[in-house]
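Chains, contacts and geometry: an overview
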Amino acid sequence: MPLFDRRLFVAASAGAAMTSLIAAKGLAADVTPEGPGKITGKGPGDFDFLTGEWRIKLRKFDTSGPDGKKERDASATVRRVLNGMGSIEELRNGDGSMWGMGVRVWHPEQKMWADHWTAAQDGVVNSPQLGQFIDGAGIFRMDDTDDGKPVKIKAVWDKITPSSCRWYQIMSRDAGKTWEYGWYMDWTRVA
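Below: a short report on this structure.

Rules used throughout
- Residues numbered from 1 in each chain as written.
- Predicted model: local features only at pLDDT ≥ 70, side-chain atom pairs only at ≥ 80, totals over all residues.
- Heavy atoms only, no water.
- Helix = DSSP H or I, 4+ residues; strand = E, 2+ residues; numbered from the N terminus.
- Polar contact = N/O pair within 3.5 Å; in protein donor to acceptor, adjacent residues only side chain to side chain.
- Contact = heavy atoms within 4.5 Å.
- Salt bridge = Lys/Arg side-chain N within 4 Å of Asp/Glu carboxyl O.
- Core = buried A, V, L, I, M, F, W, Y, C linked by side-chain atoms within 4.5 Å.
- Buried < 20%, exposed > 50% of the residue type's maximum accessible area, 1.4 Å probe, protein only.

**Focus on the side chain of R104**
- Turning to its location among the elements, R104 is positioned in strand β4 (residues 98-107).
- Side chain to side chain, R104 and E89 meet in a polar contact 3.1 Å long.
- Here R104 is in contact with F47, L50, V78, M85, G86, S87, E89, W113, A114, D115 and W157, once residues within four sequence places are set aside.

**Remarks on the pattern of salt bridges**
- According to the stated counting rule, one finds 11 salt bridges in the structure shown.
- The salt bridge partner of E53 is R92, with a shortest N-O separation of 3.7 Å. Placement of the pair is E53 in strand β1 (residues 52-61) and R92 in strand β3 (residues 86-93), with a sequence separation of 39 residues.
- Measuring nitrogen to oxygen at the nearest pair gives 3.1 Å for the salt bridge that ties E89 to R104. Residue E89 is located in strand β3, and its partner R104 is located in strand β4; the two are separated by 15 residues in the primary sequence.
- When salt bridges that share partners are traced, they join E89, R104 and D115 into one network.

**Describing the nonpolar core**
- With 24 residues, the main nonpolar core has F47, L50, W54, I56, W157, M185 and W187 as its most contacted residues.
- Secondary structure elements with two or more residues in this core: β1, β2 (69-81), β4, β5 (112-119), β8 (149-158), β9 (164-172) and β10 (180-189).
- Residues in contact with M185, not counting those within four places in the same chain, are I56, K57, L58, L91, W99, C165, R166 and W167.
- Of all hydrophobic cores here, the second largest spans 10 residues; its members include F61, V156, W179 and Y184.

**Section: the environment of G37**
- On the secondary structure map, G37 appears in the loop between α2 (28-31) and β1.
- Put simply, G37 and F133 are 96 residues apart on the chain and 9.6 Å apart in space, counted from C-alpha to C-alpha.
- Beyond its immediate sequence surroundings of up to four residues, G37 is in contact with I134 and D135.

Honestly, that's just the spatial picture; any functional story needs more than this.
Here you go:
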């Protein structure tokens, strides 16, 4: 089953080229999965930092552009729900049209967040990425398939300040030995 475009990454044939591009741009440190780290999230309220209005600069890494990436603008409105046990994000394209919705829900029994994505074009709620906050960053993982082949996906919320944050997603086609960027989003709060 093909992945929705937020979770769709560089094509398999571009993997080696992207690894070189990432290393050349000095981004390799972000691609390396972290060790166990210290759990810093508490559950309810972990996503309060995201509540509000945002401008977003998106980069989708691929080899079709002159420098291996495509950039575009987007915006988002994020609401805190269920007394901090949930967060709902409406993501819009640069022209204001709806792109999709992210829904994050705290699962207290598992002590994990479930991050679901729903695309505006089909309304299908994707299987969640599960995660928690480790060393101050939200780390989410899932196993999925791309063109019928198993892939590991990791998404990270980091560089969190009162006025900005970053979200990126990487994928491994070789059981976590190497990682490729897919999406990279810089969020800036609207004053």
